[in-house]
Amino acid sequence: MITDARALKPEFVPQDLHHREGQIDHLSTVLAPLQFDSAENVTIFGPSGSGKTTIAKYVVTQLERETLGIRWGYVDGMADNTTAAALHQIVRDVNLGADLRRRGEPTALALDRLRECDDQIVAILDEVSVLEERPIVALANLPNVSVVAITIDEVEWLDSLSAGASSRMRSAATVHLEKYTLDELVDILDSRVTHGLMKSRVDDEAVHRAADIAAGDARRGIALLRRAAQRVEENDQRQLTAETIESVVGAAESDIQRRRIHSLGTHQRLLYNIIADAGEIGGTEVAEEYERRAVDPKSDPTRRRYLKSLRQYGLIEASGEGRARRYRSLS
């Protein structure tokens, strides 16, 4: 059944991207000056599962393949959300910092490595709404670095920045994505089937059903295909049908939640665990328990930013305001 498991992983970047040609062309045009000089910064906005990260990686990979003197690095703000972690991740990705440690090394050293590099560098900063502001500004200020900032909500993120950072990022080129339509998502999932499964054993109706359940979210659709293919192999079934898709909805959702929890940084994971252990808990109690258990706890604004990210990605939900605020685990 499974011929190439890589095609069923959410981080897989296919060689052919469907229904994002306009955005790919726009991003490619913005970054094209890197072939000769620096390029402007870019922001990519859109709902979860709309292809933001995939498009960014696809375009810079193509650019790196076609042009000498270009390097790129990737930071997942959900995991590497401190200044030191983000900068050191970029430096390691572009092969300039294998000897640097995340802890104990000044961030200025990482910035010096980037500044002194003769190549042009693209820094993809994913989930920037969770990321500390300092690495965004520091990277954007380097003459040989172009920042590609990715997040869900444009207005909310820009409004959260300081005046200087907001002004810089508002002037960046912008790529907006919408949720995939049903027909678009069918095409995307069908491509994953072609690359990763024995197509003759996958009913057309199964792909359509997965796209329908996923409701425009490619990540969810791919998770359904992956779980369904596993179910077929485990049960020694001949066909992957719409009924197979329907039977794995819960398991696929659990897979997505586990991956999100696994990707959390130390402080986000602690906040999530406090809420998950309680089931439901008041905001004041969350803050008190976090202060008690955290090593070097973050400030109140940072803690609130982390809680907001947990809500955006469906790990918790919140109700009430101020002292009446309450959080509840969703997984």
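Residues numbered from 1 in each chain as written. Predicted model: local features only at pLDDT ≥ 70, side-chain atom pairs only at ≥ 80, totals over all residues. Heavy atoms only, no water.

A.B. asks: Quick one: what's the story with the layout of surface pockets, residue by residue and with numbers?
C.D. replies: Of the voids in this model, the largest pocket is the one considered here, and its volume is about 940 Å³. Forming the walls of the largest pocket are 39 residues, and the residues nearest its centre are Pro10, Glu11, Thr53, Asp126 and Arg219. Residue assignment for the lining of the largest pocket shows that the elements contributing at least two residues are α2 (52-66), β2 (70-76), α8 (182-196), α10 (218-234) and α12 (249-263). A class-by-class count of the residues in the lining of the largest pocket yields 16 nonpolar, 10 polar and 13 charged. In this model, the second largest pocket occupies a volume close to 720 Å³. Every element with two or more residues in the lining of the second largest pocket is listed here: α5 (133-140), α6 (154-160), α14 (283-293) and α15 (300-312). Take the lining of the second largest pocket: its biggest share by element is 10 residues, from α15. (1 Å grid on protein atoms, 1.4 Å probe; cavity = no way out; pocket = protein on both sides within 12 Å on 5 of 7 lines; lining within 4 Å. Points joined across faces, edges and corners; volume = space filled by probe spheres on them. Helix = DSSP H or I, 4+ residues; strand = E, 2+ residues; numbered from the N terminus. Nonpolar A, V, L, I, M, F, W, Y, C, P; charged D, E, K, R; others polar.)

A.B. asks: So what's going on with the packing of helix α1 (residues 21-31) against α2? Residues and values would help.
C.D. replies: One way to put it is that α1 packs onto α2 with a least axis distance of 10 Å and a crossing angle of 50 degrees. If you check the angle between α1 and α2, you find them oblique. Both α1 and α2 take part in a crossing whose hand is right-handed. Along its contact with α1, which presents Gln23, Ile24, Leu27, Ser28 and Leu31, the element α2 presents Ile55, Ala56, Tyr58, Val59, Val60 and Leu63. Residue composition of the contact of α1 with α2, by class: nine nonpolar, two polar and no charged. (Axes fitted to C-alpha atoms, helices over the stretch in contact; angles between N-to-C directions. Parallel < 35°, antiparallel > 145°, perpendicular 65-115°, else oblique. Left-handed = near helix turned anticlockwise from the far one by under 90°. Contact = heavy atoms within 4.5 Å.)

A.B. asks: Let's hear about the pairing of β2: which residues, and what values?
C.D. replies: Burial runs high along β2: five of the seven residues are buried. Sheet topology note: the β2/strand β3 (residues 120-126) ladder contains seven bridges and is parallel. By the bridge assignment for β3, aspartate 76 is matched with aspartate 126. (Buried < 20%, exposed > 50% of the residue type's maximum accessible area, 1.4 Å probe, protein only. Pairing = 2+ DSSP bridges.)

A.B. asks: How would you explain the side chain of aspartate 217 if you had to name every residue and give the values?
C.D. replies: Position of aspartate 217 relative to the elements: it lies in the loop between α9 (204-214) and α10. The side chain of aspartate 217 is buried and forms no salt bridge, while arginine 219, the nearest opposite charge, is found at 4.5 Å. When near neighbours in sequence (up to four residues on either side) are disregarded, aspartate 217 contacts Ser48, Gly49, Lys179 and Leu185. (Lys, Arg positive; Asp, Glu negative; His and termini not counted. Salt bridge = Lys/Arg side-chain N within 4 Å of Asp/Glu carboxyl O.)

A.B. asks: So, the sheet that holds β2: which residues are in play, and what are the values?
C.D. replies: The strand order across the open sheet formed by five strands is β2-β3-β4-β1-β5, and the pairing between neighbours is parallel. Looking at strand neighbours, the two that pair on one side only are β2 and β5 (173-176), the edges of this open sheet. Neighbour to neighbour, the strand axes of the sheet diverge by 15 degrees on average, direction disregarded. Where β3 lies against strand β4 (residues 145-151), five bridges are found, and the strand directions are parallel. Residue pairing for β4: isoleucine 124 is matched across the bridge by valine 148. Along the sheet face, α2 touches β1 (42-45), β2, β3 and β4 and points at about 160 degrees away from the line of β2.

A.B. asks: Can you break down unusual backbone geometry residue by residue, with the values?
C.D. replies: Even without being a glycine, asparagine 95 presents a positive backbone phi close to 60 degrees. On the secondary structure map, asparagine 95 appears in the loop between α3 (83-93) and α4 (107-115). Asparagine 95 gets classed as exposed once you look at its relative accessible area, which sits at 67%. In this structure, aspartate 296 is a non-glycine residue whose phi angle is positive, near 55 degrees. Within the element layout of this structure, aspartate 296 appears in the loop between α14 and α15. Residue classification places aspartate 296 among the exposed residues on the basis of a relative accessible area of 59%.

Purely geometric numbers; function is a separate question.
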